[in-house]
Amino acid sequence: MAAHHTLSMATQVALNTKYTLPILGYGLLQVAPEKAAGFVAKALEVGYRHIDSATMYQNEAASGEAIRNSGLPRDTVFYTSKSPPDQHGYDATVKGFEESLNKSGLEYIDLYLLHTPFGGKEGRIGGWKALLEAQRAGKVRSIGVSNWGVHHLQELQDWIDETDTKEGEGRGGKISVGQWEIHPWLARKDITDWAAKHGVVVEAYSPLVRGLKMDDPLLKPLADKHGKSPAQILLRWSLQKGFVPLPKSEKEDRMRENADIFNFELSAEDMKSLETGKYESTIWDPTTDTT
Ligand SMILES: NC(=O)c1ccc[n+]([C@@H]2O[C@H](COP(=O)([O-])OP(=O)(O)OC[C@H]3O[C@@H](n4cnc5c(N)ncnc54)[C@H](OP(=O)(O)O)[C@@H]3O)[C@@H](O)[C@H]2O)c1
């Protein structure tokens, strides 16, 4: 990745496919379907080129509509969706993927993630096989996982390695991206170390801690020092850790604020002050699943 001071909203991270991922995303969890097209259109106007939706969010159709109507060349906008989190295995994932693609109205999806590791080994590997087929058919460009713990990741990597050995290099596919709740109160070093070692790009969801820590005493001194908001400090932390943060906001001024993070840099000392050692998940934590 480029040196921190040279990052910009246009910066792209190389994936282990031949594609690249814009370094800042716009997240759509809990954005009402009837409002989502307007917000995505606004985010694209502000300059976001990376849209993070999911079957669960019920705004894939609205996201696709806004991308299609934006006037932007399709290959300049990166669109992610995710499998239904409660459906696993090959058949359910084939169906879930086709529904996601159809709802978006796009010719292809840039990134499709298995939303959770639930469903046991058969569910996980079956889901992966479904994504591999969609990728080979050109319907999705890069594939990955979300909310998987190291034990789930390693299980899939072992299956990939075995498949490559038996059937030929590349037949097992590549985990290109992983998405997890990551912020200073949940840094997930075990998972991010595993990802770095295996060439998996890490997306940080709930990078603003869902708005719950804006008054935290850890953030105020850094916000004052840099003349930035607590949200901007959190997003900058994420970028400097090498993650791709996915902030969500329904407000244009916050969309702009959350993108105005490329003109300052946290020092090593600042970064250290944000090492809390805490494990506070704020939404759900499927990484601990033992099925
Ligand atoms: N894979 C998964 O399981 C998973 C789980 C959770 C999230 N995600 C993805 O990650 C995205 C972001 O996560 P998230 O939505 O959970 O939370 P988040 O981005 O950490 O926080 C969003 C909250 O912060 C507020 N906010 C936004 N910008 C702000 C600012 N500059 N100052 C103060 N408050 C601000 C928002 O309110 P307003 O909208 O009113 O501005 C909203 O309440 C999701 O939208 C989704 O795409 C994925």
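None of the values given here were measured: they were computed from a predicted structure. (Residues numbered from 1 in each chain as written. Predicted model: local features only at pLDDT ≥ 70, side-chain atom pairs only at ≥ 80, totals over all residues. Heavy atoms only, no water.)

**Examining the overall build of the chain**
No. 1: Across its full length, the chain holds 10 helices and 10 strands.
No. 2: Dimensions of the chain, computed from C-alpha atoms along their principal axes, come out at roughly 55 × 40 × 30 Å.
No. 3: Here the chain holds 291 residues, and the buried ones make up 55% of them.
No. 4: Put simply, of all contacts in the chain between residues at least 6 apart along the chain, 76% involve residues at least 24 apart.
No. 5: For the chain, the computed accessible surface area is about 12500 Å², with 50% contributed by carbon and sulfur atoms.
No. 6: With 34 positive and 40 negative side-chain charges, the chain shows a spacing of 2 Å between the two charge centroids. (Helix = DSSP H or I, 4+ residues; strand = E, 2+ residues; numbered from the N terminus. Buried < 20%, exposed > 50% of the residue type's maximum accessible area, 1.4 Å probe, protein only. Contact = heavy atoms within 4.5 Å. Areas by Shrake-Rupley, 256 points an atom, 1.4 Å probe, with all protein chains shown as cover. Lys, Arg positive; Asp, Glu negative; His and termini not counted. Charge placed at Lys NZ, Arg CZ, Asp CG, Glu CD.)

**Observations concerning the UniProt feature "domain: NADP-dependent oxidoreductase" (unreviewed entry) in the chain**
No. 1: Taken from the UniProt record, the annotation "domain: NADP-dependent oxidoreductase" (unreviewed entry) applies to residues 30-275.
No. 2: Overall, residues 30-275 shows 47% helix and 13% strand. The separation of its end C-alpha atoms is 29 Å. (UniProt positions renumbered as here; feature names shortened; annotations may be inferred.)

**Considering the packing of helix α4 (residues 120-136) against helix α5 (residues 150-167)**
No. 1: For the pair α4 and α5, the least separation of the axes is 11 Å and the interaxial angle reads 55°. Relative to α5, the element α4 lies oblique. Taken as a pair, α4 and α5 cross one another with a handedness that is right-handed. For the pair formed by α4 and α5, the contact residues are Lys121, Arg124, Ile125, Trp128, Lys129 and Leu132 on the first element and His152, Glu155, Leu156, Trp159 and Ile160 on the second.
No. 2: Taken together, the residues that form the contact of α4 with α5 break down as six nonpolar, one polar and four charged. (Axes fitted to C-alpha atoms, helices over the stretch in contact; angles between N-to-C directions. Parallel < 35°, antiparallel > 145°, perpendicular 65-115°, else oblique. Left-handed = near helix turned anticlockwise from the far one by under 90°. Nonpolar A, V, L, I, M, F, W, Y, C, P; charged D, E, K, R; others polar.)

**Considerations on the packing of aromatic side chains**
No. 1: Counted according to the given criterion, the structure contains four aromatic pairs.
No. 2: With a centroid separation of 6.5 Å and 85° between ring planes, the pair formed by Phe118 and Trp284 is classed as edge-to-face. Remark: Trp284 occurs in the segment after α10 (268-273) and Phe118 occurs in the loop between β6 (109-114) and α4; sequence separation between them is 166 residues.
No. 3: Accessibility expressed as a relative area gives 30% for Phe118, which makes it partly exposed.
No. 4: Relative to Phe243, the ring of Trp237 lies with its centre 6.1 Å away and its plane at 65°, an arrangement referred to as edge-to-face.
No. 5: Overall, the relative accessible area of 4% leaves Trp237 in the buried class.
No. 6: Over the ring of Tyr108 we find Arg74; its NZ or CZ atom is 4.1 Å from the centre of that ring.
No. 7: Positioned over the ring face of Tyr108 is Arg141, at 4.0 Å from the centre of the ring. (Phe/Tyr/Trp six-rings, centres within 6.5 Å; stacked < 30°, edge-to-face > 60°. Lys NZ or Arg CZ within 6 Å of the ring centre and 35° of its normal.)

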